[in-house]
Every structure is written in structure tokens, then in C-alpha cells.
Amino acid sequence: MNKISTKEKIFNEALDLFSDKGYNEVSIREIAKKVGIKESSIYNHYLKKESILDSIFDYFMRKMNETSISQEHMEQLLTKSPRVLYNFGSEQVKYQFSNPVMIKILRLIFIELYHNQKISDFFLKELINGPILFWTMFFQSLMDKKIIRKSDPKKLAENYYNYAMFKIFETMVLKYPTNLNEKEIEKVFNDIEYHFNFILSAVSIDKNIHLKISNSSKDDISKTHCNINNRNIDYKEKKGME
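Residues numbered from 1 in each chain as written. Predicted model: local features only at pLDDT ≥ 70, side-chain atom pairs only at ≥ 80, totals over all residues. Heavy atoms only, no water.

Applying the stated criterion to the full structure yields nine salt bridges. Between Asp191 and Lys187 there is a salt bridge, with its nearest N and O atoms 3.3 Å apart. Taken together, the positions of Asp191 and Lys187, both in helix α9 (residues 182-203) and four residues apart, correspond to about one turn of that helix. Given a relative accessible area of 52%, Lys187 falls into the exposed group. Among the ionic contacts, a cluster of salt bridges with common partners joins Lys48, Glu50, Asp54 and Lys118. (Salt bridge = Lys/Arg side-chain N within 4 Å of Asp/Glu carboxyl O. Helix = DSSP H or I, 4+ residues; strand = E, 2+ residues; numbered from the N terminus. Buried < 20%, exposed > 50% of the residue type's maximum accessible area, 1.4 Å probe, protein only.)

Next up, the structure:
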């Protein structure tokens, strides 16, 4: 086992404290005490407390962006079935949140939304606006392919994603188990998937479209963990849609 560096210890202990008490309630002195070093020693690794927060955000985004999917690849998956693309992204998110560090960061983000402007801005950009942009494009693509009826793609995106965020918030913050096991994570995503199917079924031209998935498509999902890098996808909202 590799020895953990002092900087990594600071990161880990700070994140534990931030996700438990909140960022503003934790001092550099408290972090140093947990690590077992002098308060002044923290500054050999981080310029200030906010620098630790920055490194936490960097870690979060690095993990979320470890792999990406091009718009061309996304279109290929969507051609096979909406289910294929959905499962592709869903499996990646489940993979990310099987990491306890990611769960702690998400909890930190949720509990500090109304206390820290930097965290609030990060939340809106990376966890609200970006994903809704992607899902808007996703539903618009289904309309263009005449898989679902024409409607407002952004409303569909918000309906789906807002529910997904609620379920994640409920599990990561309101219930906040000390050890979130695989079955609990699976249940959360099963609930989210049920809601996705409900929406798709309600607007599908072919009512069975969400159930269509080939064996080769299943292989695609099992072989690859993907992250939808929504910042690389441009979407221009179409006007005048019914």
C-alpha cells in the first residue's frame, strides 16, 4: 500500500470535516489537529483554506471527466435506442458515486449551497445548468428522430433531472448513511430510471420504444463507463415548438 502524503491527509481530513460540519464551520487549526500536524504546516501545502476547497472541486471534476463521449458517439448510441444512451450515462454516474470521496464532496456541495457563493456557483454550473443542457439536447434529438412527440425539450429535461437530483439529495444529505452500500445506490438509480421510463412512455410515439435494446447494445454498456461531457456539446434551443 502506498504511503499517503501529508497533502493527501490534509485533503482527506478537511473533506471529512467539511462534509460533516460545513465549510465555514471548520478552521485550519481543526484540520491540522485531525491530521496531527502544526497549524502552520498546512500552509506548506495549501495557501489558505479556500485552496483546499479548490483542490476538492478539482478532484470532483477530474473524476467526472475521466472519460468523455463525443456527440458523434452519442448519436450512434441514440440510434440504437434511447435506453442505450441513458444506461451508458447512468452506469458512469453510479460508478462515480460508488466512490466515498465523491459522496462526501456532493454532501459538502449540498449543505453549503446557501452559505458559500463559490460552492453555489459551482453547483449551478456543473450540477444543474450543464446536465439540463445535455438532457434538453437529448430530448430534442428524440423529437428530431420522431421517437417522441414534439413538445418543450427543456421542460422534459427539467422534469427528469430535477427528480434525479432530489433522489440523490435525499440519499446523500437527508438520510446520509455513514456507509452507503451498493444496494442503496442501486435503489436510488432504479427509482430515477423508473421516472425516466415514465416520462419517455408518456411522450413516445411508439409506446414500447424505451424497452427496445439489442444484445449488442447491452455489450456496449457493460464494456464502457462513460461520462457525458456536456460542456463539449452545443445546443441551440429551437423556437416555436409546440
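The discussion continues.
The next subject is helix α8 (residues 153-175). A rise of 1.5 Å per residue sets the reference length of α8, with its 23 residues, at 33 Å; its end C-alpha atoms lie 32 Å apart and thus fit the reference within 8%. Most pronounced at Phe169, the bend in α8 amounts to some 30°. The opening residue of α8 is Asp152, an N-cap whose side-chain oxygen sits 3.0 Å from the backbone nitrogen of Lys154. (Expected span 1.5 Å × (residues − 1). Bend = angle between axes of the 7 residues up to and from the residue. Polar contact = N/O pair within 3.5 Å; in protein donor to acceptor, adjacent residues only side chain to side chain.)

The geometry of helix α5 (residues 82-96) relative to helix α7 (residues 117-144) is characterised by a closest axis approach of 12 Å and an angle of 165° between their N-to-C directions. Taken together, the axes of α5 and α7 lie roughly antiparallel to each other. Crossing of α5 over α7 shows right-handed handedness. In this structure, α5 uses Pro82, Leu85 and Tyr86 to contact α7, whose residues at the interface are Phe134, Trp135, Phe138 and Leu142. In terms of residue class, the contact of α5 with α7 is built from seven nonpolar, no polar and no charged. (Axes fitted to C-alpha atoms, helices over the stretch in contact; angles between N-to-C directions. Parallel < 35°, antiparallel > 145°, perpendicular 65-115°, else oblique. Left-handed = near helix turned anticlockwise from the far one by under 90°. Contact = heavy atoms within 4.5 Å. Nonpolar A, V, L, I, M, F, W, Y, C, P; charged D, E, K, R; others polar.)

This next bit is on unusual backbone geometry. A positive phi is found at Lys146, a non-glycine position, where the angle reads about 60°. Structurally, Lys146 is set in the loop between α7 and α8.

What follows concerns the UniProt feature "DNA-binding region" (unreviewed entry) in the protein. When the UniProt feature table is mapped onto this chain numbering, "DNA-binding region" (unreviewed entry) sits at residues 27-46. In this annotation, residues 27-46 is assigned 40% helix and 0% strand; the end-to-end C-alpha distance for the span is 13 Å. (UniProt positions renumbered as here; feature names shortened; annotations may be inferred.)

The biggest cluster of nonpolar side chains holds 71 residues, and the ones touching the most others in it are Ile31, Trp135 and Phe139. It is α7 that contributes the most residues to this core, 13 residues altogether. For this core, the domains that each give at least three residues are domain 1 (1-53) and domain 2 (68-238). Sequence-distant contacts of Phe139, defined by excluding residues within four places in its chain, comprise Ile148, Pro153, Leu156, Ala157, Tyr160 and Ile199. (Core = buried A, V, L, I, M, F, W, Y, C linked by side-chain atoms within 4.5 Å. Domains from an automatic or database assignment.)

In this section: the packing of aromatic side chains. Inspection of the entire model under this criterion finds 18 aromatic pairs. When the centroid spacing of 4.0 Å and the interplanar angle of 15° are considered together, the rings of Tyr86 and Phe196 count as stacked. Here the residue Tyr86 occupies a position in helix α5, and Phe196 occupies one in helix α9, the gap between them amounting to 110 residues. As far as the burial class goes, Tyr86 and Phe196 line up, both buried. Seen from their ring centres, Phe138 and Phe196 are 6.1 Å apart, and the 50° between their planes marks the pair as tilted. With Phe138 in helix α7 and Phe196 in helix α9, this pair connects stretches of sequence that are 58 residues apart. The burial state of Phe138 is the same as that of Phe196; both residues are buried. (Phe/Tyr/Trp six-rings, centres within 6.5 Å; stacked < 30°, edge-to-face > 60°.)

When we look at burial in helix α2 (residues 28-35), the residues that qualify are Ile28, Ile31, Ala32 and Val35. For α2, the buried positions fall inside an angular range of 100° around the axis, keeping them on one side. Seen from the open side of α2, the exposed residues pointing more than 90 degrees away from its buried face are Arg29 and Lys33. Against the buried residues of α2 lie α1 (6-21) and α3 (49-64). Where α2 terminates, the next one or two residues include Gly36, which has phi positive at roughly 90°. (Arc of directions from axis to C-beta.)

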